[in-house]
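An overview of the molecular structure
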Amino acid sequence: MTKLDLLRFPLIKTLLRSRWPQFLVRLLALAGFVLAVLAGLLGTPVGSRSFAIVFVWILCWALLMLAAVPLFGRGWCSVCPIPMPGEWAQQGALLGPLQTMTARWRLGRPWPRRLRGIWMQNAAFVLVALFSARVLTTPLVSALVLGAFLLVALVTSLIFERRAFCRYLCPVGGFIGLYSQLAPLELRVRNTAVCASHREKTCYNGSLEGPYAGYGCPWGAFPGGLVRNTSCGLCMECLRTCPHDNIALNLRLPGADLEQRRGRGLDEAYKGLIMLGSALAYSAVMLGPWGALKAAAFAVGSLPWLGYALGFLTLVLGVLPGLFLLAAAAGQRLAGRPLDRRSLKQAFAQNAVALVPLGLAAWAAFSLAFAASSLTYIPVALSDPFGWGWDLFGGAGVGWTPLMSGAVPPLQVIVLAGGILWAARSAVDVQGGRAALPVIGFCLLAGAGLLWLLVG
Amino acid sequence: MNLPLQSVSPERRRKFAGLVVLAIVALAVLALPLPLPSAPPADRHFHLQASSFAYQPAVLHVNRGDRVTIEIEAQDVVHGLYLDGYDLQVTAEPGRTAALSFTADRSGSFRFRCPVTCGPLHPFMIGQLKVGPNTLLWKGLALAALAALAGVWSLRR
């Protein structure tokens, strides 16, 4: 399979090797993030007028799901501002090279072995999703959640080594990692033998001196062992610390990671199911005509909300995993494979590859409707971020108008059909032949549900 | 001299031919109108009660060609109705009604939303106007089934 190493282009390599361009983008993002928190705390309580809601949940969300993740995978994580304060406290520097390997403000403990994987990220996403009708519409609540992200990331950096928050806790990072497998971009090494014979492993351990001084991989990944995008945050630190010019940033066929069987566990399978279930639930709550459902999702702590929360948890943790397990078991039976606990577990985890393209298509289709109807809030919130009557850029008077309202439903159909096609291919690739049919049936069922919710 | 096509195995040619057939069927599904019966146009009148953050009734059914009047009554704060696809809008003051009249000349399912900031869930205050049979949904379901078939076919060994 042909790949194009973008680091062969001197301009790209120079831009990525220098810490400055990335730092400036992150600094700008941090300014936006802090402004969002302040706008939520001090500004208007009207969500559609608040920078806290419009910047994070409309502008960033649309960019993330419709462009950043499908095209750049974890590229979003490489410019995310949330870990910046923690990194600075942990390393004593942001622009390096490192001043000391033993910064004073950190404990530098390894992340507990039993908490590895993305179970904690799954739990964090479900927790935020339960309150999402409130978080996405109430600036104060949104600011508190964003502030909590920043605080937890900071505390985690002080206690644990590297970017433990990004790797194991961030609810957004969890699904970005899952869907980054579809991106046409990957960071790998040019020659694994070079890494194997490199004793210092500066890409992983960091380096204090010389032209290759820098931090060891903040994500705790060894580039020489990367076979999927999930655990690489594209921070480019390995490019800066590799003395052998052995790092490659490849353009590749989208979804190449789906062919990899290694490292697929139940946590990732559950992530796929939680994301699919959340896309279904969000489509019903936010885009459906059911006022009682919206009111229940919003009234946190009330009896209707408890019913909504129970329904949501049952869907994403019970019904969908149960149906998927049945599909995986039926596939095993059709293939004449054993149905013992271990085989089923493995089939469940491996078949979940099909949920990756389907899930991203589901979120893209949902986000299309969400973004198209809300984009005209952006100039208003940029010009008057606090809702105090400012007009910084002349956009405060822009009226609300949904964009492309006639074009969005056909686009959603095409996106979902593309996701189902890709999911079917992935299922056949994993199971082979007839054995993939039950999982394809599951994907078709979920796709039909989404179609009904989005264009029905 | 061998033409490029001659070097392709018969299995791969069959697979490719199958995908081409599926692609043609998919295009036909998208492009061709469905032969569905339609009722003669009629005058349809709806009275919608709008309160934070729902319409009652939330789903309206009409036939294509019907002359539709939607009367909206805001019950608590200022609400309104913006009809996707038709790009029509009306707003109503609290306790008062306002009306929107149009001919439903496009079939399908169209969302209508409150165009006036009316509270925290305002962006999600949504109802639906269903004009005739929802051909896009049926075409979408057919396309999804074809997509699944194409996915299976493309990796047929």
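Note that the coordinates shown come from a computational prediction; the quantities given were computed from them, not determined experimentally.

Here we take up the domain arrangement of chain A. Residues and elements named next belong to chain A. Along its sequence, chain A is organised into domain 1 (1-260) and domain 2 (261-455). Centre-to-centre, using C-alpha coordinates, domain 1 lies 23 Å away from domain 2. Contact residues are listed per partner, giving 43 residues for domain 1 and 42 residues for domain 2. The element contributing the most residues to the side of domain 1 that touches domain 2 is helix 3 (residues 51-72), with 11 residues. Here the residues of the side of domain 1 that touches domain 2 are counted per class, giving 29 nonpolar, 10 polar and four charged.

This part is about the sheet that holds strand 5 (residues 79-83) of chain B. All names here are of chain B. Taken together, the five strands give an open sheet; going across it, the order is 3-9-8-5-6, and neighbouring strands pair in mixed fashion. The open sheet is flanked by strand 3 (59-62) and strand 6 (88-92), the only strands paired with a single partner. Each adjacent strand pair in this sheet contributes to an overall mean axis angle of 20 degrees, direction not counted. Sheet topology note: the strand 8 (residues 108-113)/strand 9 (residues 126-131) ladder contains six bridges and is antiparallel. Along strand 9, the bridge assignment pairs Gly108 with Val131.

Let us now look at the domain arrangement of chain B. Taken domain by domain, chain B consists of domain 1 (7-35 + 138-154) and domain 2 (43-132). Its C-alpha centre places domain 1 of chain B at a distance of 39 Å from the equivalent point of domain 2 of chain B.

Attention shifts here to the interface of chain A and chain B. A common measure of how large an interface is: the accessible area buried when the components associate. Taken together, the 41 residues of chain A in the interface contact 36 residues of chain B. Of all the elements in the fold, those that place two or more residues in the side of chain A that touches chain B are helix 14 (266-287), helix 15 (291-298), helix 20 (408-431) and helix 21 (437-455) of chain A. A total of 12 residues in the side of chain A that touches chain B trace back to one element, the largest contributor, which is helix 20 of chain A. In terms of residue class, the side of chain A that touches chain B is built from 24 nonpolar, 13 polar and four charged.

Right, let's talk about the packing of helix 18 (residues 355-372) of chain A against helix 20 of chain A for a bit. All names here are of chain A. In contact at an axis separation of 7 Å, helix 18 and helix 20 are set at 170 degrees when each is read in the N-to-C sense. As summarised for this structure, helix 18 and helix 20 are arranged roughly antiparallel, according to the angle between their axes. On the side of helix 18, the interface is formed by Pro357, Leu358, Leu360, Ala361, Ala362, Ala364, Ala365, Leu368, Ala369 and Ala372, while helix 20 contributes Val408, Leu411, Gln412, Val415, Leu416, Gly418, Gly419, Ile420, Trp422, Ala423 and Ser426. Here the residues of the contact of helix 18 with helix 20 sort into 17 nonpolar, four polar and no charged.

Omega for the peptide link from Ser52(B) to Phe53(B) comes to 0 degrees, which places this bond in the cis form. By secondary structure assignment, the location of Phe53(B) is in the loop between strand 1 (43-51) and strand 2 (54-56). Cis peptide bonds are those with omega within 30 degrees of zero, and the linkage from Gln56(B) to Pro57(B) qualifies with 0 degrees. Following the sequence through the fold, Pro57(B) ends up in the loop between strand 2 and strand 3. Its identity as a non-glycine residue notwithstanding, Leu234(A) has a phi of 50 degrees, on the positive side. A positive phi is found at Met236(A), a non-glycine position, where the angle reads about 75 degrees. If you trace the backbone, Met236(A) turns up in the loop between helix 12 (202-205) and helix 13 (237-241).

This part takes up the sheet that holds strand 2 of chain B. Residue and element names in this part refer to chain B. The sheet built from four strands is open, its strands ordered 2-1-4-7 with mixed pairing. The sheet is open, and its two edges are formed by strand 2 and strand 7 (97-103), each paired on a single side. Taking each pair of neighbouring strands and ignoring which way they run, the sheet shows an average axis angle of 25 degrees. Across eight bridges, strand 1 lies against strand 4 (residues 67-74) in parallel orientation.

Next up on the list: helix 21 of chain A. Taking 1.5 Å of rise per residue, the 19 residues of helix 21 of chain A would be expected to cover 27 Å, and the 26 Å separating its terminal C-alpha atoms lies within 8% of that figure. The buried count for helix 21 of chain A comes to 14 of 19 residues, which makes it a mostly enclosed element.

So, on to the nonpolar core. Generally speaking, a soluble globular protein has its nonpolar side chains buried in company with each other. Core analysis: the biggest nonpolar cluster contains 179 residues, and Ile420(A) and Cys443(A) have the highest contact counts within it. Per-element accounting of this core gives the leading share, 14 residues, to helix 18 of chain A. For Ile420(A), the residues in contact, after removing those within four places along its chain, are Leu358(A), Cys443(A), Leu444(A), Gly447(A), Ala144(B), Ala147(B) and Ala148(B).

Rules used in this analysis
Residues numbered from 1 in each chain as written. Chains lettered and ligands numbered in written order. Predicted model: local features only at pLDDT ≥ 70, side-chain atom pairs only at ≥ 80, totals over all residues. Domains from an automatic or database assignment. Contact = placed C-beta atoms within 7 Å. Helix = DSSP H or I, 4+ residues; strand = E, 2+ residues; numbered from the N terminus. Nonpolar A, V, L, I, M, F, W, Y, C, P; charged D, E, K, R; others polar. Pairing = 2+ DSSP bridges. Axes fitted to C-alpha atoms, helices over the stretch in contact; angles between N-to-C directions. Parallel < 35°, antiparallel > 145°, perpendicular 65-115°, else oblique. Expected span 1.5 Å × (residues − 1). Buried ≥ 20, exposed ≤ 12 C-beta atoms within 10 Å, placed from the backbone. Core = buried A, V, L, I, M, F, W, Y, C linked by C-beta atoms within 7 Å.

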